[in-house]
Amino acid sequence: MSNSSSITHFLLLPFADTRELQLWHFWLFLGIPLAAFLGNDLIITSTACDQHLHTPRYFFLLNLSLLDLDCISTTVPKSMANPLWDTRDISYTGCVAQLFFFHFFISAEYSLLTIMSYDRYVAICKPLHYGSLLGSRACVHMAAAAWGAGFLTALLHTADTFSLPLCGGNAVEQFFCEIPHILKLSCSHSYLREVGLLVLSCLLALGCFVFIVGSYVQIFMAVLRIPSEQGRHKAFSTCLPHLAVVSVYVPTAVFAYMKPPCISSPSLDLVLSVLYSVVPSAVNPLIYSLRNQELKDAVRKQMTACVSAAIRCLFSSAKGSQCR
């Protein structure tokens, strides 16, 4: 039996057993991060460059896009590189770093989703107080609190998880280093301490989820009192994307960590982890821009500017070569 001091690397769960399927997995996972990077980069660039989008709503959306990029960059590159090089290895230090940064970004993202529900609640239910409750300084403080909460949560869980003696081998039954699967390798009853921290974290997450649901109940009640159909449609279009993201992301993540061991299986764990760690980063830009005319106009304007700049660059380089 090995312990944590003798483990130099872990073996991650492959998506497939045959070489051909592993390569198919590589190409599939290549498309997902490319879509995530393209969509989130467009949102970040558009909200940063367009003066009309310098509002609390889009400031929080910019932070969400940054966290989506960070989150998918933590797990997917290694899961793509392993099948390409026909290996399952991740170093001990790499596993520690991956677990820390994943929980940092995922916890910060959930805190930010809670703040975004508060933003929508104030905008619709207390519009006269919106400027005073969500001024620029307050928005910066709330975003910093979300990032800070994610950092502290990740630091606590990572330090506690890797302080446990590991004598159950080095095979992690997941495509990235995740706390429940690292705990399965522990041979000490001290792992119950980390389990308790996970339960506490899930209870806090459920508390935030209740806050989000409560905010949207009041939002929908306020929207239904709007006499204009166009006004109701506009109000719903600003809220439904955020509610859709929360509804997919939160229950999946909580179920992945709190499901009974009797129904746990590698395939189920794999599907759940992809649903809450990979899919949101790719689909969030689509969800938030689908019914948002302001954002679509800003993205279109940004893409037009990029294409125009590329064409000017091509013409200038062509003229330069003619002169020579």
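On a predicted model such as this, the values are computed, not experimentally measured, just so you know.

*Asks:* Could you clarify how one ought to interpret the overall build of the chain in this entry?
*Replies:* Along its length, the chain carries 11 helices and two strands. When the helices and strands of the chain are read in sequence order from the N terminus, they spell out β-α-α-β-α-α-α-α-α-α-α-α-α. The dimensions of the chain, computed from C-alpha atoms along their principal axes, are 65 × 65 × 35 Å. Looking at the chain as a whole, 43% of its 324 residues are labelled buried.

*Asks:* Is there a simple way to explain the pattern of salt bridges in this structure?
*Replies:* Using the criterion set out here, one finds one salt bridge in the structure. With a closest N to O distance of 3.0 Å, D119 and R120 form a salt bridge. In this structure R120 comes out as buried when scored by relative accessible area, which is 8%.

*Asks:* How should the packing of aromatic side chains be read in this particular structure?
*Replies:* For any pair of aromatic rings, the description consists of the separation of the ring centres together with the inter-plane angle of the planes. One pass over the full model with this rule turns up 14 aromatic pairs. On the basis of an interplanar angle of 90° and a centroid distance of 5.7 Å, the ring pair of F100 and F151 is categorised as edge-to-face. With F100 in helix α3 (residues 92-125) and F151 in helix α5 (residues 136-161), this pair connects stretches of sequence that are 51 residues apart. A residue is classified by how much of its surface remains accessible, and F100, at 14% relative accessible area, is buried. Each ring, one from F102 and one from F176, has its centre 4.8 Å from the other, and the planes form 55°; the classification is tilted. Within this pair, whereas F102 is found in helix α3, its partner F176 is found in the loop between α5 and α6 (179-183), the two being separated by 74 residues in sequence. Accessibility classification places F102 together with F176 in one group, the buried group.

*Asks:* Explain the state of the cysteines to me, please; I cannot follow it from the model alone.
*Replies:* The bond known as a disulfide is covalent and runs between the sulfur atoms of two cysteines. Going through the model one piece at a time under the given rule, you end up with one disulfide. Here C95 engages in a disulfide with C177; their sulfurs sit 2.0 Å apart. Around the S-S axis, the bridge from C95 to C177 shows a dihedral of about -125° and counts as left-handed. Residue C95 is found in helix α3, and its partner C177 is found in the loop between α5 and α6; the two are separated by 82 residues along the sequence. Considered together, C95 and C177 belong to a single accessibility category, that of buried residues.

Analysis parameters
Residues numbered from 1 in each chain as written. Predicted model: local features only at pLDDT ≥ 70, side-chain atom pairs only at ≥ 80, totals over all residues. Heavy atoms only, no water. Helix = DSSP H or I, 4+ residues; strand = E, 2+ residues; numbered from the N terminus. Buried < 20%, exposed > 50% of the residue type's maximum accessible area, 1.4 Å probe, protein only. Salt bridge = Lys/Arg side-chain N within 4 Å of Asp/Glu carboxyl O. Phe/Tyr/Trp six-rings, centres within 6.5 Å; stacked < 30°, edge-to-face > 60°. Disulfide = S-S within 2.5 Å.

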